[in-house]
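Descriptive structure summary
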Amino acid sequence: MILDRRFSVAPMMEYTDRHERYFLRLISRRALLYTEMITADAVIHGDRQRLLAFSPAEHPIALQLGGSDPDRMARAAAIGQDYGYDEININVGCPSDRVQSGRFGACLMAEPDLVAACVTAMGSATNVPITVKSRIGIDDHDSYEFLHHFIETVAAAGCRSFIIHARKAILSGLSPKQNREVPPLHYDRAYRVKADFPELEIIVNGGIDSLEQCQLHLQHVDGVMLGRAVYQAPYLLAEVDRTLFADTAAPPSREDLIRAIQPYIAEQMDRGVRLNAITRHMLGLYYGQPGARAWRRHISERSYRPEADGALLETAMAQMPGQLELQH
Ligand SMILES: Cc1cc2nc3c(=O)[nH]c(=O)nc-3n(C[C@H](O)[C@H](O)[C@H](O)COP(=O)(O)O)c2cc1C
């Protein structure tokens, strides 16, 4: 499969699980979706079915791995490929303490040779693209030359696609959340990487929250990756296929989506999945629309009830302002 990375949804722990991805895929057929970060050790030793299984409908889908031991990263990548992932991505951007003590995540920006060794080993163990998601720097290593050297070294090992979260990470003193907000965004750094390495695919990430902004970035780089904006307002994806991929099909309405996800909810609940595990990702569906709060409240208050099932979404929809008008 040839992956088109013009638009992707960022890996987000606790958010981009299989249910979120299934829901997003109903909205956009073209967006590339990423898993949450999973450590190589968890893939090798953990409950693989729980960690890695996904619905075929989720393609195109990339598995993000955390780790820095080339051997183990290669084993985990091969397992990911066997599960059907279309791309394996290495996390070189997460600043959390837990991740640093495992010597992976953003601190790896200081060890480009090690990241390169991972890319080489993972590339030999698989046929899917191996990509890297990084920051623009860490702590005092925040010059363009530092980033340039990192990209050059890792690209020489065979990585052709880089996702650059356009702010540096501060490895001590800031929480992961602060590290997504406090260090300023420098999109120009990602643009400059593209200008210096035109043969590489460069995707910019961080603070992008509209398709208009995506189009501006796409004048400088090959792709955009959005995280929080999509989670908060998933219907943002509805225009992605038409606007960024020139698809002609009309996007589904919110109401179409609520109907389309019903068979999935029924199937997952039959397997013992709690309704809330799916509907929690749908709370932002009406973000910015009249009745958005009532929608959220209706679902969050009732989705835990033992008798609740997919019909809950239909009743929540029926009391939306537009729907009430239709009925009266
Ligand atoms: C709740 C949450 C969890 C995240 N988990 C991951 C992760 O597992 N791997 C990763 O590379 N980045 C992770 N990130 C960072 C995002 O992928 C992205 O780089 C960051 O949020 C900036 O993009 P945005 O401004 O579009 O959200 C996470 C972000 C959030 C908000």
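Please read all numbers here as calculations on a predicted model, not as lab measurements.

**Concerning the environment of Thr279**
Locating Thr279 in the fold gives a position in helix H14 (residues 275–279). Taking the C-alpha atoms as reference points, Thr279 and Cys107, separated by 172 residues in sequence, lie 35 Å from one another. The residues contacting Thr279, other than those within four sequence positions of it, are Ile299, Ser303 and Leu313.

**Thoughts on the nonpolar core**
With 98 residues, the main nonpolar core has Phe7, Val132, Phe162 and Trp295 as its most contacted residues. Among the elements that line this core, the one with the most residues is helix H7 (residues 144–156), at 7 residues. Three or more residues apiece are contributed to this core by two domains, here domain 1 (7–239) and domain 2 (254–321). Residues contacting Val132, with those up to four places away along its chain left out, are Asn89, Ile90, Val92, Val115, Val119, Phe150, Val154, Cys159, Ser161, Phe162 and Ile163.

**Section: the site of the ligand**
Close to the ligand lie 17 residues, the nearest being Pro11, Gln64, Asn205, Gly207 and Arg228. Between an oxygen atom of the ligand and a side-chain N or O atom of Asn205, the distance comes to 2.6 Å. Counting atoms within 2 Å of the grid points, the majority share of the ligand lands in the largest pocket. Considering only residue class, the shell around the ligand consists of 7 nonpolar, 7 polar and 3 charged.

**Some remarks on the packing of helix H6 (residues 112–125) against H7**
Axis angle and axis distance: for two packed helices, these are the angle between their axes and the distance between the axes, and together they describe the pair. Their axes nearest at 8 Å, the elements H6 and H7 cross at an angle of 25 degrees. For the element pair H6 / H7, the angle class is roughly parallel. As H6 runs across H7, the sense of the crossing is right-handed. For the pair formed by H6 and H7, the contact residues are Pro112, Asp113, Val115, Ala116 and Val119 on the first element and His149, Phe150, Thr153 and Val154 on the second.

**Describing the sheet that holds strand E5 (residues 130–134)**
Taken in spatial order, the 8 strands of this closed barrel run E1-E2-E3-E4-E5-E6-E7-E8, and their pairing is parallel. Going from strand to strand, the sheet's axes swing by 25 degrees on average, the running direction of each strand aside. The sheet contact formed by strand E1 (residues 7–9) and strand E2 (residues 32–39) spans 2 bridges and is parallel. The residue of E2 that forms the bridge with Val9 is Leu33.

**A few points about the layout of surface pockets**
As a volume, the largest pocket reaches approximately 1,000 Å³. Elements with a contribution of two residues or more to the lining of the largest pocket: helix H5 (97–101), E5, strand E8 (223–226) and helix H10 (228–232). The leading source of residues in the lining of the largest pocket is H10, at 4 residues. Taken together, the residues that form the lining of the largest pocket break down as 16 nonpolar, 13 polar and 12 charged. Taken as a whole, the second largest pocket spans an internal volume of roughly 490 Å³. Lining of the second largest pocket is provided by 22 residues; of these, Asp17, Arg18, Glu36, Arg50 and Leu51 occupy positions nearest its centre. Elements represented by at least two residues in the lining of the second largest pocket include exactly helix H1 (18–27), E2 and helix H3 (48–52). Residues that form the lining of the second largest pocket fall into these classes: 9 nonpolar, 4 polar and 9 charged. Split by domain, the lining of the second largest pocket shows at least three residues from each of two domains, domain 1 (7–239) and domain 2 (254–321).

**Concerning the environment of Ile164**
The topology assignment puts Ile164 in strand E6 (residues 161–165). Assessed through its relative accessible area of 0%, Ile164 is described here as buried. In this structure Ile164 touches Ser134, Arg135, Ile136, Ile151, Ala190, Val193, Ile202, Ile203, Val204 and Asn205, once residues within four positions along its chain are discounted.

**Some points on the side chain of Asp247**
Relative to the helices and strands, Asp247 resides in the loop between helix H11 (240–245) and helix H12 (254–260). Among the polar contacts made by the side chain of Asp247, one reaches the side chain of Arg30 at a distance of 2.7 Å.

**Quick look at the packing of aromatic side chains**
Throughout the structure, instances matching the rule amount to 4 aromatic pairs. A centroid spacing of 4.1 Å and a plane angle of 75 degrees characterise the contact between Tyr15 and Tyr231, whose relative ring orientation is edge-to-face. Here the residue Tyr15 occupies a position in the loop between E1 and H1, and Tyr231 occupies one in helix H10, the gap between them amounting to 216 residues. Owing to a relative accessible area of 35%, Tyr15 belongs among the partly exposed residues under this scheme. A ring pair is formed by Phe54 and Tyr85, whose centres lie 4.6 Å apart and whose planes are at 50 degrees; its orientation type is tilted. Of the two residues, Phe54 sits in the loop between H3 and strand E3 (61–66) while Tyr85 sits in the loop between helix H4 (70–83) and strand E4 (87–92), which places them 31 residues apart along the sequence.

**Re the domain arrangement of the chain**
Domain annotation of the chain identifies domain 1 (7–239) and domain 2 (254–321). Placing a centre on the C-alpha atoms of domain 1 and another on those of domain 2 gives a separation of 30 Å. The interface is formed by 16 residues belonging to domain 1 together with 16 residues belonging to domain 2. Here domain 1 packs against domain 2, burying approximately 1,500 Å² in sum over the two surfaces, 61% of which is carbon and sulfur. Sorting the residues of domain 1 by area buried against domain 2 places His19, Phe23 and Tyr235 first, and these three jointly supply 41% of that buried surface. At the junction of domain 1 with domain 2, the criterion picks out 1 salt bridge. Residues Asp17 and Arg280 are paired through a salt bridge, measuring 3.5 Å at the closest nitrogen-oxygen approach. In this structure, the connection of domain 1 to domain 2 is made through 5 residue pairs in polar contact (both at pLDDT 80 or more). Residue composition of the side of domain 1 that touches domain 2, grouped by class: 9 nonpolar, 3 polar and 4 charged.

What counts as what
Residues numbered from 1 in each chain as written. Predicted model: local features only at pLDDT ≥ 70, side-chain atom pairs only at ≥ 80, totals over all residues. Heavy atoms only, no water. Helix = DSSP H or I, 4+ residues; strand = E, 2+ residues; numbered from the N terminus. Contact = heavy atoms within 4.5 Å. Core = buried A, V, L, I, M, F, W, Y, C linked by side-chain atoms within 4.5 Å. Buried < 20%, exposed > 50% of the residue type's maximum accessible area, 1.4 Å probe, protein only. Domains from an automatic or database assignment. Near = heavy atom within 4 Å. Polar contact = N/O pair within 3.5 Å; in protein donor to acceptor, adjacent residues only side chain to side chain. 1 Å grid on protein atoms, 1.4 Å probe; cavity = no way out; pocket = protein on both sides within 12 Å on 5 of 7 lines; lining within 4 Å. Sits in = over half its atoms within 2 Å of the grid points. Nonpolar A, V, L, I, M, F, W, Y, C, P; charged D, E, K, R; others polar. Axes fitted to C-alpha atoms, helices over the stretch in contact; angles between N-to-C directions. Parallel < 35°, antiparallel > 145°, perpendicular 65-115°, else oblique. Left-handed = near helix turned anticlockwise from the far one by under 90°. Pairing = 2+ DSSP bridges. Points joined across faces, edges and corners; volume = space filled by probe spheres on them. Phe/Tyr/Trp six-rings, centres within 6.5 Å; stacked < 30°, edge-to-face > 60°. Buried area = accessible area lost by both parts, 1.4 Å probe. Salt bridge = Lys/Arg side-chain N within 4 Å of Asp/Glu carboxyl O.

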